[in-house]
Amino acid sequence: MKRFVRLIGRHPRLTLALMSLGTLLALGGLTHIRFDSSLASLTVPDDPARIFNEEVRKIFGDEEIGVVAVLAPNVYDLEIIRGIKSLTEQLSRVYGVSRTLSLTNASDPTADVFDPPPLLGRGPLDAAAVKRLRERVADNPIYVPNLVSPTGDAAAVTIFFDRATTLANENRVDSEILAVLDAYRGPAELHYTGMSHIRVRAVELMQRDLLRFLPMSLAVMMLVLRLSFSSWRATVFPLFAVTMGVTVLMGLMGWLGVPITMTTLVLPSLLLVIGGSYSIHVVDAYLIESDRVPDGEDAEVNRLAGTLRVVGLPVLVSAFTTAVGFGSLAVHPIPAIAVLGKYAVLGIGIVAFGCLFGAPLAFTVFSRERVLPRFSAGTARLRSPSVRLDRWLYVLVDFAIRRRMLVFAVSLLAFVVSVAGARKIEVDTDFLSAFRADSDVRRDHDAVADHLVGPHPISVIVTAPTPGYFKAIAPLRQIRDFQEFAESLDKVDESISLIDYLEELDLGLQKGGGGLQVNDAGELVEAEAPPSFWQAPKEQLPQVFQLVAASPRTFSGLVDSDFRRLNITLRTTLSGSHEVSELRKQLRAYADAMLPRGVSVNLAGGLAIMSEASNRIVSGQV
């Protein structure tokens with residue numbers, strides 16, 4: 001160590017140049033930094049919930065959607081319907097969008113169960129067509145309030161995203177959707193929301209916060225250093241050393257392709273704070289050594305050695321203990337937290353090295369005479385804030401010693417209160433809470449939630465013990481009751497499942513199944529409509545399932561080919577992991593009490609994975 005100190009002390013310019021060169025090389029990595037707000041970083045690769053979710057996606061597809069709310073006093077106005085039709089077509093052509101659904105392209109199974117025509121009809125779009133549209137919507141309860149509000153003051157254009165859409169192009173997809181919406185010139189008011197849009201805006205918020213808080217942190221550090229040493233040189237040099245360390249770490253992350261996530265976003269500010277405390281001690285020690293060691297041969301080597309002798313060990317011990325604390329996170333099962341632990345350890349080491357050697361070398365290279373008057377000439381003035389701080393600390397220590405029993409009692413009381421409060425801690429991952437209540441993201445989300453159904457779908461997967469289970473009337477009745485219970489829960493607006501589509505098909509059969517027949521008097525009369533399959537399951541249910549079998553692709557998102565696994569989509573306003581966890585508990589409690597043994601209920605989708613990740617974060621910390 002002495003040889004190393006002597007080496008860099010005799011070649012301060014070369015050493016500082018090499019450190020600066022390393023920083024410049026790291027700067028190139030800053031251009032490669034990317035941001036990741038996905039849930040994948042918060043989940044464990046072999047997590048059973050994640051594996052189950054991937055299986056469900058392969059069977060039923062991806063549940064993630066975006067919702068455009070079209071608000072107007074009467075959405076059945078001809079001009080507004082034309083605007084909805086145009087938006088539906090334009091949004092369907094956006095790369096990354098698999099399809100769109102609105103009143104203008106939805107089908108009407110009650111009109112013809114074999115070849116459902118569009119709700120809007122295939123003729124010219126005029127006032128008569130809009131009137132027929134309103135009448136057909138009234139006959140299709142499945143579309144209210146999914147595509148239009150019951151009062152007719154809001155309509156939805158639902159966007160279904162392509163499975164191939166990745167985080168790399170999610171921002172571009174979102175930008176193209178917003179461009180289509182910005183180009184709208186109709187009389188209606190548009191609001192767009194969805195987890196994909198919220199994630200994109202969350203990344204923008206992360207980038208903005210990073211650019212905002214770093215300068216703020218530097219400004220606060222500069223103020224503290226200036227007040228502590230009353231010297232611009234003693235203010236700039238430590239900041240240079242700390243900033244150099246943070247830049248090197250962020251550059252390495254960029255070169256290595258490590259993204260900035262919600263957890264690692266705190267690293268730059270964290271390292272600035274840690275490095276700031278180190279730099280204050282190093283600069284203070286160096287100024288004392290500058291006054292103590294006279295000029296002469298090897299003076300700078302002796303000053304550097306003296307500085308390291310005074311604060312080297314304390315800084316290294318502090319850095320080591322801090323690194324150990326963060327290093328414990330490196331073995332956390334959640335990748336994002338493990339990355340935070342690993343790069344925090346690396347960053348602490350880099351910043352500690354920069355503070356111990358960068359700041360003293362900067363003082364050495366930029367001679368005191370050329371920058372500011374010699375510190376020795378104004379030592380009392382420069383160190384007067386430290387003297388005042390020492391005096392206050394002495395008073396505090398003296399009080400703690402003389403009143404030590406009181407200090408012990410207060411500390412014990414604080415510990416007990418803290419333990420009691422720790423039991424009430426709840427971990428919640430909620431992208432939406434990152435935005436202010438008056439932000440456009442929150443306003444758009446609330447507009448959709450208030451006028452239509454919740455924009456956040458959650459898949460409830462009901463798995464039966466045997467194939468063909470959900471072709472019998474008893475399980476279907478149980479699922480209908482289960483849906484009614486789910487819809488009664490807080491923040492669950494609507495549910496869609498195979499049951500709803502079976503009822504739509506059944507309604508179509510009833511409307512088209514009358515025909516003519518000869519009565520007992522030999523007269524040709526209109527036949528009575530067949531009963532519902534709920535009333536006559538033996539006669540009607542097989543006919544309904546024949547229609548399902550004739551179009552398996554239509555129902556692929558509702559039930560698997562074996563009729564053993566059912567997908568119930570809940571449209572909710574839930575956005576936090578804690579809320580989703582509570583929903584899971586309520587649904588499973590009902591299933592355990594009301595559904596037959598062997599029938600299991602699980603949640604799937606991004607929100608479900610997020611709630612599982614939050615639970616794993618808690619267990620990992622414990």
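Residues numbered from 1 in each chain as written. Predicted model: local features only at pLDDT ≥ 70, side-chain atom pairs only at ≥ 80, totals over all residues. Heavy atoms only, no water.

Enquirer: Even after reading the chapter, I still don't get the side chain of S575, so can you show me in this structure?
Expert: Tracing the sequence through the fold places S575 in the loop between β9 (565–572) and α20 (577–594). Since its relative accessible area comes to 6%, S575 is described here as buried. Look past the residues within four positions of S575 in its chain and what remains in contact with it is T429, D430, F431, L432, H456, L607 and M610. (Helix = DSSP H or I, 4+ residues; strand = E, 2+ residues; numbered from the N terminus. Buried < 20%, exposed > 50% of the residue type's maximum accessible area, 1.4 Å probe, protein only. Contact = heavy atoms within 4.5 Å.)

Enquirer: Would you explain the packing of helix α9 (residues 267–292) against helix α10 (residues 299–327) in this entry?
Expert: Two measures define how a pair of helices packs: the angle their axes make with one another and the distance between the axes. As a packed pair, α9 and α10 sit with axes 8 Å apart at the nearest point and diverge in direction by 160°. The angle between the axes of α9 and α10 places the two elements in the roughly antiparallel class. In this structure, α9 meets α10 at a crossing whose hand is right-handed. Partitioned by chemical class, the residues of the contact of α9 with α10 number eleven nonpolar, seven polar and five charged. (Axes fitted to C-alpha atoms, helices over the stretch in contact; angles between N-to-C directions. Parallel < 35°, antiparallel > 145°, perpendicular 65-115°, else oblique. Left-handed = near helix turned anticlockwise from the far one by under 90°. Nonpolar A, V, L, I, M, F, W, Y, C, P; charged D, E, K, R; others polar.)

Enquirer: Before we go on, may I ask you to explain helix α5 (residues 127–138) in this structure?
Expert: Structural remark: α-helix, 3.6 residues per turn; residues separated by three or four positions point the same way. In this model, α5 (twelve residues) spans 17 Å end to end at C-alpha, consistent with the 16 Å of a helix rising 1.5 Å per residue. Along α5, the residues classified as buried are A129, V130, L133 and V137. Down the axis of α5, the buried side of the element spans an arc of 100°, and every buried residue falls inside it. Counted as exposed and oriented over 90 degrees from the buried face of α5: A127, K131 and A138. On its buried side, α5 packs onto α4 (78–92). (Expected span 1.5 Å × (residues − 1). Arc of directions from axis to C-beta.)

Enquirer: Before we go on, may I ask you to explain the confidence of the model for the chain in this structure?
Expert: The predicted coordinates of low-pLDDT regions are not to be read in fine detail. When pLDDT is averaged along the chain, the result is 83; 87% of the residues meet or exceed 70. The model gives residues 368–385 a pLDDT under 50, and that stretch makes 35 contacts with residues more than four places away or in other chains. (pLDDT = per-residue confidence, 0-100.)

Enquirer: Hey, could you run me through the nonpolar core in this one?
Expert: Side chains of nonpolar character tend, in soluble globular proteins, to be buried together. In this structure, M253, I260, L267, Y278, V283, I348 and F363 are the most contacted members of the largest nonpolar core, which totals 58 residues. Elements represented by at least two residues in this core include exactly α1 (2–10), α2 (12–30), α7 (195–229), α8 (233–256), α9, α10 and α11 (335–365). If one sorts the elements of this core by residue count, α11 sits on top with 15 residues. Those residues in contact with Y278 that sit more than four places away from it in its chain are V315, S318, A319, T322, I348, A352 and C355. (Core = buried A, V, L, I, M, F, W, Y, C linked by side-chain atoms within 4.5 Å.)

Enquirer: I tried to follow the pattern of salt bridges on my own but got confused; where do I start?
Expert: Between side chains of opposite charge, a pair can form when the charged atoms approach closely. Applying the stated criterion across every chain, the model contains nine salt bridges. E89 is the partner of K85 in a salt bridge, and the nearest nitrogen-oxygen pair spans 2.7 Å. A residue pair is termed a helical-turn pair when its members lie 3 or 4 positions apart in one helix, as K85 and E89 do in helix α4 at four residues. Note on K85: relative accessible area 30%, which makes it partly exposed. Given the relative accessible area of 35%, E89 is considered partly exposed. Between R199 and E170 there is a salt bridge, with the nearest N and O atoms lying 2.5 Å from each other. Taken together, the positions of R199 in helix α7 and E170 in helix α6 (residues 167–182) put the pair 29 residues apart, joining distant regions of the chain. Per residue, the accessibility class of R199 equals that of E170, and both read buried. Salt bridges sharing partners connect three or more residues here, namely R201, E204 and D440. (Salt bridge = Lys/Arg side-chain N within 4 Å of Asp/Glu carboxyl O.)

Enquirer: What is the right way to look at a nonpolar patch on the surface in this model?
Expert: Together, L14, L18, L21, L24, L25, L27 and L30 make up an exposed nonpolar region whose accessible area comes to about 670 Å². Assignment of secondary structure puts L14 in helix α2. Classification of L14 as exposed rests on a relative accessible area of 52%. (Patch = residues over 30% accessible without salt bridge, like charges linked within 9 Å, V, L, I, M, F, W, Y side chains within 5 Å. Areas by Shrake-Rupley, 256 points an atom, 1.4 Å probe, with all protein chains shown as cover.)

Enquirer: Which parts of the structure should I look at to understand the pairing of strand β4 (residues 189–193)?
Expert: Two faces belong to every sheet, and in a regular strand the side chains alternate between them. Judged by how many residues are buried, β4 sits mostly within the fold: four of five residues are covered. Here strand β1 (residues 65–71) runs beside β4; their pairing, made up of five bridges, is antiparallel. Counterpart to A69 in the pairing with β4 is H191. (Pairing = 2+ DSSP bridges.)

Enquirer: Which parts of the structure should I look at to understand the sheet that holds strand β5 (residues 456–463)?
Expert: Within a sheet, neighbouring strands are paired by backbone hydrogen bonds and run either parallel or antiparallel to one another. Reading across from one edge, β6-β9-β5-β10 is the order of the four strands in this open sheet, with antiparallel pairing throughout. Sheet topology places β6 (492–496) and β10 (600–604) at the edges, where each strand pairs with a single neighbour. Strand after strand, the sheet turns through a mean of 25° between neighbouring axes, direction not considered. Where helix α17 (residues 473–487) meets the sheet, its contacts fall on β5, β6, β9 and β10, and the angle it forms with β6 comes to roughly 160°.

Enquirer: I would appreciate a short explanation of the sheet that holds β1 in the present structure.
Expert: On the basis of which strands lie adjacent, the open sheet formed by four strands has the order β2-β3-β1-β4 and antiparallel pairing. The two strands at the open ends of the sheet, each matched to only one other strand, are β2 (97–101) and β4. Each adjacent strand pair in this sheet contributes to an overall mean axis angle of 20°, direction not counted. Across seven bridges, β1 lies against strand β3 (residues 154–161) in antiparallel orientation. Along β3, the bridge assignment pairs I65 with F160. Along the sheet, helix α16 (residues 440–451) contacts β1, β3 and β4; its crossing angle with β4, the most-contacted strand, is approximately 105°.

Enquirer: It is not clear to me how the packing of aromatic side chains should be interpreted in this structure. Could you clarify?
Expert: Describing an aromatic ring pair means giving the distance of the ring centres and the angle of the ring planes. Scanning the entire structure with this criterion turns up nine aromatic pairs. Seen from their ring centres, F237 and F363 are 4.9 Å apart, and the 85° between their planes marks the pair as edge-to-face. On the criterion of sequence distance, the pair formed by F237 in helix α8 and F363 in helix α11 is long-range, its members being 126 residues apart. Per residue, the accessibility class of F237 equals that of F363, and both read buried. Where Y469 meets F470, the ring centres are 5.2 Å apart and the plane angle is 85°; that geometry is what we call edge-to-face. In terms of burial, Y469 and F470 fall into one category: buried. K471 extends its terminal NZ or CZ atom over the ring of F563, reaching a point 4.8 Å from the ring centre. Over the ring of W534 we find R480; its NZ or CZ atom is 4.2 Å from the centre of that ring. (Phe/Tyr/Trp six-rings, centres within 6.5 Å; stacked < 30°, edge-to-face > 60°. Lys NZ or Arg CZ within 6 Å of the ring centre and 35° of its normal.)

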